[in-house]
Amino acid sequence: MGAITLDRIMAVQAAYIRCIDSDALEAWPDFFVEDCLYKVTTAENERNGFEAGIIYADSRNMLSDRVLALRKANVYEKQSYRHILGLPSILKNGGDEAESETPFLVLRIMHDGQTDIFASGVYVDTYRAHGTDIKFARRLVVCDSSRFDTLMALPL
Amino acid sequence: MNVNVSNSGGGLSNAAQPMEWPEGELTRIPFWIYQNPEIYALEQQRIYEGPVWNFLCLEAEVKKPGDYRTTFIGSMPVIVARDFDDEIYAFENRCAHRGALIALDGGGHARDFTCVYHAWNYDLKGNLKAVAFEDGVAGKGGMPKTFCRSDHGPRKLRIALFSGLVFGSLSDDVPPIEEYLGEEIAAKIARVLCKPVVVTGRSTQTLNNNWKLYFENVKDTYHASLLHTFFTTFRINRLSQKGGMVVDPSGGNHASFSFIDKSSQEHDYSALGLRSENEDFKLKDTSLLANIDEFGDGCHMQILTVFPGFVLQQIQNTLAVRQILPKGQYQTALNWTTFGFEDDTPEMKRARLRQNNLAGPAGYVSMEDGAVGGFVQRGVASAGGERAVVEMGGTSTRNEGTRATEASVRGFWKCYRTHMGV
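A brief look at the structure comes next. (Residues numbered from 1 in each chain as written. Chains lettered and ligands numbered in written order. Predicted model: local features only at pLDDT ≥ 70, side-chain atom pairs only at ≥ 80, totals over all residues. Heavy atoms only, no water.)

Right, let's talk about the overall build of chain B for a bit. Of the regular secondary structure elements, chain B holds 10 helices and 19 strands. When each of the 422 residues of chain B is scored for burial, the buried share is 57%. The contacts of chain B with a sequence gap of at least 6 include a subset with a gap of at least 24, amounting to 64%. Carbon together with sulfur atoms contributes 51% to the accessible area of chain B, which is approximately 18,200 Å² in total. (Helix = DSSP H or I, 4+ residues; strand = E, 2+ residues; numbered from the N terminus. Buried < 20%, exposed > 50% of the residue type's maximum accessible area, 1.4 Å probe, protein only. Contact = heavy atoms within 4.5 Å. Areas by Shrake-Rupley, 256 points an atom, 1.4 Å probe, with all protein chains shown as cover.)

Shown next, in the form of structure tokens:
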């Protein structure tokens with residue numbers, strides 16, 4: 001089991017956004033450990049200590065369920081995201097557990113070509129070394145704005 | 001080449017009598033009502049500034065003296081504050097001097113307000129208390145001796161408190177809040193807001209449609225299982241659901257609800273609720289649906305609206321208020337505030353956090369509502385002279401024992417037309 005390094009963090013960040021942006025959502029839960037916490041929230045809610053998320057999953061199974069719901073149940077116009085990441089700042093690194101913050105910008109591209117800035121913010125992550133991989137134990141998606149256009153179907 | 005250019009300067013150009021309500025009373029809704037800028041201006045005057053109670057915020061959001069929130073009634077910016085006499089006040093967020101916003105942020109804590117432009121100062125009741133350089137400088141300038149501060153100030157709202165909800169009105173003719181809500185609706189609000197609440201989150205969903213399309217959508221029980229297929233796709237057996245809908249006499253307020261049959265209650269709801277023949281269509285984590293009968297009456301879903309823009313939501317244990325604000329003819333802000341109660345156990349807190357996935361901008365049973373109004377708005381782009389058909393369940397606007405009806409949508413139009421005179 002190798003130590004967590006900046007290289008490995010950058011690799012997992014890149015693979016994560018590639019997964020979502022290329023519509024490989026079925027592989028998305030694999031980036032997380034089984035007892036993960038994934039939450040999409042806002043900077044305002046974080047400042048106020050408000051715990052509720054726009055999306056809240058405290059198990060990897062809940063992430064799989066969201067993908068299944070998006071594929072089989074929920075109705076939304078065809079759309080895709082393009083995530084652009086800034087550089088991760090490593091806040092803590094204990095070798096087999098680490099924390100970082102990575103800024104993101106997400107464009108939403110609708111089926112008719114309309115492209116808008118859908119969200120910006122920061123990923124606040126805790127990683128856990130997992131065999132030869134590192135996985136997210138906790139991924140807090142803190143959006144800068146509290147305003148969301150139309151709906152949030154695909155995850156950030 | 002000659003090209004004939006016809007006048008197409010808006011959705012109304014081809015309508016024969018664009019401001020005329022079509023035959024059929026409340027069962028036909030003309031599409032110009034979602035498009036016309038004159039209607040939009042009239043709504044501000046006759047609805048939001050008229051004899052209605054506008055939802056402003058939760059009492060819990062202005063809990064301590066000095067706490068304030070900024071919000072809107074229609075397009076009018078408003079400050080809601082708790083003064084040091086412990087009473088809640090609301091007034092237009094507009095300086096009496098040049099009209100600038102008095103408070104620039106969403107809320108906080110203040111002893112008073114000072115307009116940034118020329119430093120005119122207001123107390124938490126909205127009274128003008130000080131004018132900078134009122135007596136001039138070194139004997140020169142200043143306001144005339146005849147100037148009286150108490151003659152100037154932003155418009156003040158009347159306040160009504162009900163079960164922890166703060167409502168405001170500019171009208172002296174609006175009925176008392178209990179009467180405005182109607183007995184049945186009032187009881188159903190009090191049923192949910194039965195003890196001190198704690199806010200757990202806020203967000204705003206921008207809807208690309210006229211506000212009325214969203215308000216109709218919330219009142220429309222007909223679409224629920226058709227548009228939102230989450231529960232049906234996963235064959236979540238809602239057991240022997242009983243339910244119905246009530247509409248208040250004005251038509252503007254409604255509540256729809258469903259009950260779990262008491263006789264089935266002893267069974268493990270989450271285990272029973274997730275029968276599925278197809279493994280592929282089965283949720284892996286059933287904790288999302290572990291409903292706790294917290295109000296002790298078996299009612300696991302209640303959606304309630306108050307004219308002109310308030311929604312109280314109980315979907316299992318996920319509780320929220322939604323405020324519907326117009327932002328132009330073609331855009332609406334939907335403000336979500338999720339909450340729990342002060343005495344929530346850690347288990348209940350966790351249940352609410354999980355169940356919040358059902359509602360909000362990414363909610364399993366609500367995300368579609370953020371888009372469907374836009375589908376209508378885009379669909380009717382050139383159909384200002386055409387009309388919608390709202391005839392499910394007949395023509396009545398009253399209570400029904402079924403949710404296969406559009407009675408509450410017709411109720412909305414009854415109330416709307418009374419206010420608007422259209």
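Read on for the rest.
Our focus in this paragraph is the nonpolar core. By size, the foremost hydrophobic cluster in this structure holds 127 residues, and its most contacted members are Tyr38(A), Leu156(A) and Phe230(B). Contact partners of Leu156(A), with chain neighbours within four places excluded, come to Tyr16(A), Ile20(A), Tyr38(A), Val40(A), Tyr81(A), His83(A), Val106(A), Phe118(A), Ala119(A), Tyr123(A), Val141(A) and Cys143(A). If you look at the next biggest cluster of nonpolar residues, it comprises 16 residues, including Ile79(B), Ala103(B), Phe113(B) and Phe147(B). (Core = buried A, V, L, I, M, F, W, Y, C linked by side-chain atoms within 4.5 Å.)

Bringing the sheet that holds strand β8 (residues 121-122) of chain B into the picture now. All names here are of chain B. Strand order in the open sheet made by the three strands is β7-β8-β9, with antiparallel pairing throughout. Both edges of this open sheet fall to β7 (113-114) and β9 (128-130), since each of them pairs with a single strand only. Where β8 and β9 come together, two bridges link them in antiparallel fashion. Note on β9: the bridge partner recorded for asparagine 121 is alanine 130. (Pairing = 2+ DSSP bridges.)

Residues and elements named next belong to chain B. Of note, threonine 70 is situated in strand β3 (residues 67-73). Only 2.7 Å separates the side chain of threonine 70 from the backbone oxygen of aspartate 105, close enough to count as a polar contact. When neighbours within four sequence positions are excluded, threonine 70 is seen to be in contact with Val78, Ile79, Asn93, Ala103, Asp105, Gly106 and Gly107. (Polar contact = N/O pair within 3.5 Å; in protein donor to acceptor, adjacent residues only side chain to side chain.)

For the rest of this paragraph, the subject is the pattern of salt bridges. Residues and elements named next belong to chain B. Following the criterion strictly, the structure yields 30 salt bridges over all chains and no others. Between arginine 202 and glutamate 61 there is a salt bridge, with its nearest N and O atoms 2.9 Å apart. Remark: glutamate 61 occurs in the loop between β2 (54-58) and β3 and arginine 202 occurs in strand β12 (residues 197-207); sequence separation between them is 141 residues. Take arginine 202: its relative accessible area is 11%, and that puts it in the buried class. Owing to a relative accessible area of 11%, glutamate 61 belongs among the buried residues under this scheme. Here arginine 155 ties to glutamate 92 by a salt bridge, and the two come within 3.1 Å at their closest N and O atoms. (Salt bridge = Lys/Arg side-chain N within 4 Å of Asp/Glu carboxyl O.)

Moving on, we get to helix α1 (residues 37-48) of chain B. All names here are of chain B. Here α1 contains 12 residues, and its C-alpha end-to-end distance of 16 Å stays within 8% of the 16 Å for a straight helix at 1.5 Å per residue. Those residues of α1 that fall on the buried side of the exposure criterion are Ile39, Leu42, Glu43, Gln44, Ile47 and Tyr48. Buried positions along α1 lie against β2, β3, β4 (76-82), α4 (211-219), β17 (318-326) and α10 (407-420). The N-cap residue of α1 is asparagine 36: its side-chain oxygen and the backbone nitrogen of glutamate 38 are 2.7 Å apart. (Expected span 1.5 Å × (residues − 1).)

Across the sheet, eight strands lie side by side as β8(A)-β12(B)-β18(B)-β17(B)-β16(B)-β15(B)-β14(B)-β13(B); this open sheet has mixed pairing. The open sheet has two edge strands, β8 (147-149) of chain A together with β13 (242-247) of chain B, and neither has a second partner. Put simply, the sheet's adjacent strands are angled 15 degrees from each other on average, direction ignored. As paired elements, strand β16 (residues 310-315) of chain B and β17(B) share six bridges and run antiparallel to each other. Bridging from a neighbouring strand, Val311(B) pairs with Arg322(B) of β17(B). (Axes fitted to C-alpha atoms, helices over the stretch in contact; angles between N-to-C directions.)

With that out of the way, let us pick up the interface of chain A and chain B. Taken together, the contacts link 34 residues of chain A with 39 residues of chain B. The contact between chain A and chain B buries some 3,200 Å² in all, and 53% of this surface belongs to carbon and sulfur atoms. Taken together, the connections running from chain A to chain B amount to four salt bridges. Between Asp58(A) and Arg350(B) there is a salt bridge, and its shortest N-O distance comes to 3.2 Å. (Buried area = accessible area lost by both parts, 1.4 Å probe.)

Time to look at helix α9 (residues 369-379) of chain B. Three or more residues of α9(B) are buried, namely Asp369(B), Gly370(B), Ala371(B), Gly373(B), Gly374(B) and Gln377(B). Those residues of α9(B) that are buried are in contact with β12, α4 and α5 (224-227) of chain B.

Here Ser203(B) lies in strand β12. A relative accessible area of 6% means that Ser203(B) is categorised as buried. Sequence spacing of Ser203(B) and Ile159(B) is 44 residues, and the spatial spacing of their C-alpha atoms is 25 Å. The residues touching Ser203(B), leaving out its near neighbours within four places in the chain, are Ile54(A), Ser146(A), Phe148(A), Leu334(B), Asn335(B), Trp336(B) and Pro361(B).

Let's shift gears to the packing of α4(B) against α9(B). All names here are of chain B. Look at α4 against α9: their axes get within 9 Å of each other, and the N-to-C directions meet at 125 degrees. Between α4 and α9, the interaxial angle falls into the category oblique. The interaxial crossing formed by α4 with α9 has right-handed handedness. Across the interface between the two elements, Leu213, Tyr214 and Asn217 from α4 touch Asp369, Val372, Gly373, Val376 and Gln377 from α9. A per-class count over the contact of α4 with α9 returns four nonpolar, three polar and one charged. (Parallel < 35°, antiparallel > 145°, perpendicular 65-115°, else oblique. Left-handed = near helix turned anticlockwise from the far one by under 90°. Nonpolar A, V, L, I, M, F, W, Y, C, P; charged D, E, K, R; others polar.)

Considering all chains together, one arrives at 33 aromatic pairs over all chains under this definition. For the pair Phe55(B) and Phe167(B), a centre-to-centre distance of 6.1 Å together with 70 degrees between the ring planes defines the contact as edge-to-face. Taken together, the positions of Phe55(B) in strand β2 and Phe167(B) in strand β11 (residues 165-169) put the pair 112 residues apart, joining distant regions of the chain. By relative accessible area, Phe55(B) is classed as buried at 8%. Exposure remark for Phe167(B): the relative accessible area of 0% places this residue in the buried category. Counting every residue linked through ring pairs, the aromatic cluster contains Trp21(B), Trp32(B), Tyr34(B), Tyr48(B), Trp211(B), Phe215(B), Phe307(B), Phe412(B), Trp413(B) and Tyr416(B). Between Arg139(A) and the ring centre of Tyr16(A), over which it is positioned, the NZ or CZ distance is 4.2 Å. Across the ring face of Phe257(B), the terminal group of Lys188(B) is positioned such that the distance to the ring centre comes to 4.2 Å. (Phe/Tyr/Trp six-rings, centres within 6.5 Å; stacked < 30°, edge-to-face > 60°. Lys NZ or Arg CZ within 6 Å of the ring centre and 35° of its normal.)

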